[in-house]
Amino acid sequence: MNRTRRWFGKGDRRVLTLTLPIILSNATVPLLGAVDTAVVGHLDSPHYIGAVAVGALIFSYVFWGFGFLRMATTGLAAQAHGRRDANGVRAVFARAAFIAVVAGLAVMVLQYPIIELAMSLIAPSPAVEASARDYFAVRIWASPATLMQYCMLGWLLAMRDSRAVFIFQVVLNSINIILDILFVQGFGWDVRGVAGATVIADYSGVALGWFLMQPHLKRLGGTWRGIGILDRTQLSKLMKINGDIFVRTLALTSAFALFTSFSARFGEVTLAANAVLQNFLMFGSFALDGFAHAAETLVGQAYGAERRKQFLWAVRKTTIWSIISAVVMAALFAAAGPWIIDGLTSIPEVRAASYEYLVWAVILPITGVLGFQFDGVFLGAMQTKQWRNMMLLSVAIYGLFAWWAVETGSNHMLWAAFNAFFLLRGVTLALLFPTIIPDRRKAVG
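Residues numbered from 1 in each chain as written. Predicted model: local features only at pLDDT ≥ 70, side-chain atom pairs only at ≥ 80, totals over all residues. Heavy atoms only, no water.

1. Thoughts on the environment of D375
Let me state the cut-off plainly: Under the scheme used here, helices are H or I runs from DSSP no shorter than 4 residues and strands are E runs no shorter than 2 residues, and both carry numbers assigned from the N terminus. Only protein chains enter the area calculation, which uses a 1.4 Å probe; residues under 20% of their type maximum are buried, those over 50% are exposed, and those in between are partly exposed. What makes two residues a contact is simply this: any of their non-hydrogen atoms within 4.5 Å.
Here D375 is to be found in helix α15 (residues 364-380). On the basis of relative accessible area, D375 is assigned to the buried category, the value being 9%. Along the primary structure D375 and R425 are separated by 50 residues, whereas in three dimensions their C-alpha atoms are 9.2 Å apart. Setting aside residues up to four positions removed in sequence, D375 forms contacts with R248, W387, R425 and L429.

2. What about the nonpolar core?
Where we set the bar: Working definition of a nonpolar core: buried Ala, Val, Leu, Ile, Met, Phe, Trp, Tyr and Cys residues. They are joined through side-chain atoms within 4.5 Å.
Of all hydrophobic cores here, the largest spans 140 residues; its most connected members are I58, L69, W155 and F311. Here this core takes 15 residues from helix α12 (residues 268-304), the largest share from any one element. Those residues within four positions of L69 in sequence are excluded, and the remaining contacts are A96, I99, A100, L147, Y150 and C151.

3. A short note on helix α6 (residues 111-122)
The condition that has to hold: One less than the number of residues in a helix, times 1.5 Å, gives the span that helix is expected to have. This arc corresponds to the set of directions leading from the helix axis out to the C-beta atoms.
For α6, with 12 residues, the first-to-last C-alpha span of 16 Å sits near the 16 Å given by 1.5 Å per residue. Among all positions in α6, only I115, A118, M119 and I122 are buried. For α6, the angular spread of the buried residues around the axis is 95°, confining them to a single face. In α6, those exposed residues whose orientation departs by more than 90 degrees from the buried face are Y112, L117, S120 and L121. Summarising the contacts, the buried residues of α6 are in contact with α3 (47-63), α7 (126-139) and α11 (232-264). Downstream of α6 by one or two residues, A123 has phi in the positive range, about 50°.

4. With respect to the packing of aromatic side chains
This is how the line gets drawn: Aromatic rings from Phe, Tyr and Trp, with only the six-membered ring used for Trp, were paired whenever their centres fell within 6.5 Å, and each pair was classed as stacked if the ring planes differed by under 30 degrees, edge-to-face if by over 60, and tilted otherwise.
In total, this model carries 22 aromatic pairs according to the counting rule given. With a centroid separation of 5.0 Å and 55° between ring planes, the pair formed by F187 and W189 is classed as tilted. Residue class for F187 comes out partly exposed when judged on its relative accessible area of 44%. The partly exposed category is assigned to W189, whose relative accessible area is 41%.

5. Considering the packing of helix α8 (residues 143-158) against helix α9 (residues 162-186)
Stated precisely, the cut-off is as follows: Comment: axis = line fitted to C-alpha atoms, over the contacting stretch for helices; angle = value between 0 and 180 degrees taken between N-to-C directions. Convention used here: angles under 35 degrees read as roughly parallel, angles over 145 as roughly antiparallel, angles from 65 to 115 as roughly perpendicular, and any remaining angle as oblique. For this classification, Asp, Glu, Lys and Arg are treated as charged, while Ala, Val, Leu, Ile, Met, Phe, Trp, Tyr, Cys and Pro are nonpolar and the rest, including Gly, are polar.
Packing of α8 against α9 leaves a shortest axis separation of 9 Å and a crossing angle of 150°. With respect to α9, the axis of α8 lies roughly antiparallel. Side by side, α8 and α9 meet where Q149, L153, L156 and L157 of the first sit next to A164, V165, F168, Q169 and L172 of the second. Residue composition of the contact of α8 with α9, by class: seven nonpolar, two polar and no charged.

6. A closer look at unusual backbone geometry
Positioned with a positive phi, R160 is a non-glycine residue whose angle comes to about 60°. Positive phi, close to 55°, is recorded for M382, a residue that is not glycine. If you trace the backbone, M382 turns up in the loop between α15 and α16 (384-408).

7. What to know about the packing of helix α13 (residues 308-344) against helix α14 (residues 348-362)
Going by this rule: In a left-handed crossing the near helix is turned counterclockwise from the far helix by less than a right angle, and in a right-handed crossing that turn is clockwise.
Taken N-terminus to C-terminus, the directions of α13 and α14 make an angle of 165°; their axes are 10 Å apart at the nearest point. Taken as axis vectors, α13 and α14 run roughly antiparallel relative to one another. Where α13 crosses over α14, the two elements pack in a sense that is right-handed. Along the contact surface, α13 presents A330, F333, A334, G337, P338, I341 and D342, while α14 presents R351, S354, Y355, L358, A361 and V362.

8. What to know about the side chain of N274
Looking at where N274 falls in the secondary structure, it is placed in helix α12. Contact partners of N274, with chain neighbours within four places excluded, come to F259, S263, Y357, N411, L414 and W415.

9. Looking at the confidence of the model for the chain
Condition: A score between 0 and 100, pLDDT records how confident the predictor is in each residue.
Averaged over every residue, the pLDDT of the chain is 83; the share at 70 or more is 91%. Averaged pLDDT values over the elements of the chain bottom out at 51 in helix α1 (residues 2-7) and peak at 94 in helix α17 (residues 411-432). Of the regions scoring below 50 in pLDDT, residues 1-5 engages in zero contacts with residues more than four places distant in sequence or in other chains. Contacts of residues 441-445 to residues separated by more than four positions or lying in other chains number 23 contacts, the stretch itself having pLDDT below 50.

10. Observations concerning the pattern of salt bridges
Applicable threshold: By definition, a salt bridge exists where a carboxyl oxygen of Asp or Glu is found within 4 Å of a side-chain nitrogen of Lys or Arg.
In total, this model carries seven salt bridges according to the counting rule given. R133 is the partner of E116 in a salt bridge, and the nearest nitrogen-oxygen pair spans 2.9 Å. Placement of E116 in helix α6 and of R133 in helix α7 is noted, with a sequence separation of 17 residues between them. For E116, a relative accessible area of 29% corresponds to the partly exposed category. Between D244 and R388 there is a salt bridge, with the nearest N and O atoms lying 2.8 Å from each other. Taken together, the residues span a long stretch of sequence, with D244 in helix α11 and R388 in helix α16 at a distance of 144 residues. Residue class for D244 comes out buried when judged on its relative accessible area of 7%. On the basis of relative accessible area, R388 is assigned to the buried category, the value being 19%.

Structure (structure tokens):
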């Protein structure tokens, strides 16, 4: 009994209370990706799967270029909350929301050069390209709403309101899934139905997010007046942090873009199989993201208050549970992998190719766990320069191995390079961790 108490105490319950609702809510995101794949995976051609994969990749590349709207909002708002600065917490959200609206409108205006550049770089087959363009032309209209959701989720995470995050994600993705099935299977709108479901769900999510923020705004106090949304000093600091996050996120998304682009060089069947197996990464990554988000919030508040002991406790506890989660996910993938593949596609040749490369998807949670975990730690501390540099280094090394895989014509080698990339980003950040402990660096903000 005493041993159990020492191994699992109040600290563990605190971490799991914060993390489990986030994991459950995050699980709806890969579920949505799986439904997107499944509804088109049961159509009459593999090119529909490839088209959704290519279309989703383009938006991942564009939108996660603005991933700083979620990441910086969480870290900066958590630090302001740790300092008990109510107006500062409001100001962090207001500045991020302003950037989200402007950026979303800009993406819509620039849609033509974006799609043309993307197609020239990815170079899919004619059938995949035509359907991917249809997907893009519909989903582009969700841009402002998608980016605003990043701000809202980041802010709610900083408030440690995992219940609100759970409600937000579950409702948003449930709407998307229901409309997916209705539009594609019911109305026969193929990939345009998948994109249209996302547009409606994203605008619904903005209204829900604002509703969920209200109890915290009342509890925090403060006012929207005089918070200095356009304050030059604060905007300059925010843009510097955002610049680091933008470059890092662009590099990460480029790694995924390389994987999809190189997969397309192996033909439609391999592209479709790799797209199916990437759903395993989605399931694993969003589970690990739950502990990374918990680390970001707990580390950010400790860092803002300059509490070294609390900082180290947050890192240790969230890392232990993150590793346990990774092992469990890998075991589940190993046991249920073939059944998951069968549920995602009914095309015999795509199933066969997916079985062949399944082992690489199974080990992704293990190779990726440190990368996800230290992402949360470095973001919470807002030490974005080192975080950016290690991602650039990891992507550069991965790019060389991925290129070699294409030259040798080996999809197994491509998957090996992908796993090595995830492992490398975690190891490099772990080596830098001692340099960001609070008594050695001053907290940002």
